[in-house]
Amino acid sequence: MQIARTITELHEFRPQLGCNVGLVPTMGGLHEGHLALIRAAHEDNDAVLATIFLNPRQFTDDKDFAAYPRDLERDLTLLEDEAVDLVFTPKANEIYSRDFQTEVNVTDLSHKWEGSARPGHFQSVATIVTILLNLTQTQRAYFGQKDVQQVAVIRRLVQDLRIPVKTLVLPTVRANDGLAHSTRNDHLNEDERIAATGIFRALRKVSSDYDTNIRDASSLRESLWDSLRENRSIRVDYAEIVDLENFCRIQGELANTDTALAIVAIRIGDVRLIDNMLLPSYRNNRSDLSALLGVSL
Ligand code: AMP
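Residues numbered from 1 in each chain as written. Predicted model: local features only at pLDDT ≥ 70, side-chain atom pairs only at ≥ 80, totals over all residues. Heavy atoms only, no water.

Chemist: Help me understand the packing of helix H9 (residues 190-211) against helix H10 (residues 217-229) in this model?
Modeler: A pair of packed helices can be characterised by two numbers: the angle between their axes and the separation between those axes. Between H9 and H10, the least distance of the axes is 8 Å, while the angle of their chain directions is 150°. By the angle between their directions, the pair H9 and H10 is classed as roughly antiparallel. As H9 packs across H10, the resulting crossing turns out to be right-handed. Two secondary-structure elements touch here, H9 through Gly 198, Ile 199, Ala 202, Leu 203, Lys 205, Val 206, Asp 209 and Tyr 210 and H10 through Leu 220, Ser 223, Leu 224, Ser 227 and Leu 228. (Axes fitted to C-alpha atoms, helices over the stretch in contact; angles between N-to-C directions. Helix = DSSP H or I, 4+ residues; strand = E, 2+ residues; numbered from the N terminus. Parallel < 35°, antiparallel > 145°, perpendicular 65-115°, else oblique. Left-handed = near helix turned anticlockwise from the far one by under 90°. Contact = heavy atoms within 4.5 Å.)

Written out as structure tokens, the structure reads:
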């Protein structure tokens, strides 16, 4: 496994990978969710390029940034074990020159839900993803459903800016108790960790309501809130039924043609967690997700 710490090194090593390469961008703190993306990238490509870049600009909370894990040696060992071919792990000043002043703004999507909870977050995500796609010039790029609104923002920018990459979306990888793997789970204490399993229970409940033919969006939304409120340590930021196309809240009856998505953001103690599920739940698989949320050239 080669490691490029500078753009010069990336340009030196990248041509050796050939022209059938999958990109997996990460911020480090790797877990099973990241590794699933790497494994999928291996299946589709001759080589895998992973990036580890803890992008300071996309954090809207200084404490969150300070607490984010930074164990590069551990992450590199995990990537080596997954037979990653090249890792690009630049420092912030390698990416952002002193007079850096360009932002990619996906206008509508970036201001809803996660975007309104974390102002400026999606502009910074869109900007760094554009930079990484430009620098790495891969044929495919892999993203996780766990951050579904981020995926939607990336789909928009790839389409709008005509970036020649195919994006693929992998289902959320969960622990045995249903909690979505997240770097931030490490900050939960034992009781909080148990409480956090309420998120998946709430999503499962709303999908079973959907399966029993409940199509009224406000009933589904209420079901989500009721389940989340069962645990008193959960504080709900938002819990909604939205249209996957535009992330607008669905009003009234869901049509069978709607691509409905249940989205949740909660806080437990100091930890903020997000999760989501497509309705009906059988759609939460790689091929449906990539068809609905990916970009194919
Ligand atoms: P991050 O390091 O948090 O920026 O995540 C890097 C990539 O891994 C993003 O595309 C995430 O959506 C994806 N990811 C994070 N957690 C999971 C998970 N539990 N399952 C699947 N993908 C995930």
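Chemist: Explain the sheet that holds strand S6 (residues 166-170) here, please?
Modeler: What holds strands together in a sheet is hydrogen bonding between their backbones, with the strands either parallel or antiparallel. The parallel open sheet is built from six strands, whose spatial order is S1-S4-S3-S2-S5-S6. Strands at the two margins of the open sheet, each flanked by one partner only, are strand S1 (2-4) and S6. Taking each pair of neighbouring strands and ignoring which way they run, the sheet shows an average axis angle of 25°. As defined by bridge partners, S1 adjoins strand S4 (residues 86-88) across three bridges and the pair is classed as parallel. When the sheet's bridge partners are listed, Gln 2 is paired in S4 with Leu 86. Packed on one face of the sheet, helix H4 (residues 72-81) meets S1, strand S3 (47-52) and S4 and runs near 165° to S3. Strands strand S5 (140-144) and S6 of the sheet are contacted by helix H8 (residues 148-160), whose axis makes an angle of about 155° with S5. (Pairing = 2+ DSSP bridges.)

Chemist: Where do I start with the layout of surface pockets in this structure?
Modeler: Once rolled over the atoms, a probe with the size of a water molecule shows which space is left empty. Taken as a whole, the second largest pocket encloses approximately 320 Å³ of empty space. In terms of lining, the second largest pocket is formed by 17 residues, of which the most central are Ile 52, Leu 54, Leu 72, Thr 89 and Pro 90. Taken together, the residues of the lining of the second largest pocket sort by class into nine nonpolar, three polar and five charged. (1 Å grid on protein atoms, 1.4 Å probe; cavity = no way out; pocket = protein on both sides within 12 Å on 5 of 7 lines; lining within 4 Å. Points joined across faces, edges and corners; volume = space filled by probe spheres on them. Nonpolar A, V, L, I, M, F, W, Y, C, P; charged D, E, K, R; others polar.)

Chemist: Help me understand unusual backbone geometry in this model?
Modeler: Leaving glycine aside, a negative phi is the common case for residues, and trans is the common case for peptide bonds. In this model, Leu 279 is joined to Pro 280 through a cis peptide bond whose omega is -5°. Looking at where Pro 280 falls in the secondary structure, it is placed in the loop between strand S9 (271-279) and helix H11 (286-293). A positive phi angle is found at Ala 83, which is not glycine, with a value near 60°. Here Ala 83 shows up in the loop between H4 and S4. A residue is classified by how much of its surface remains accessible, and Ala 83, at 44% relative accessible area, is partly exposed. Even without glycine at this site, Phe 247 takes up a positive phi of about 60°. (Buried < 20%, exposed > 50% of the residue type's maximum accessible area, 1.4 Å probe, protein only.)

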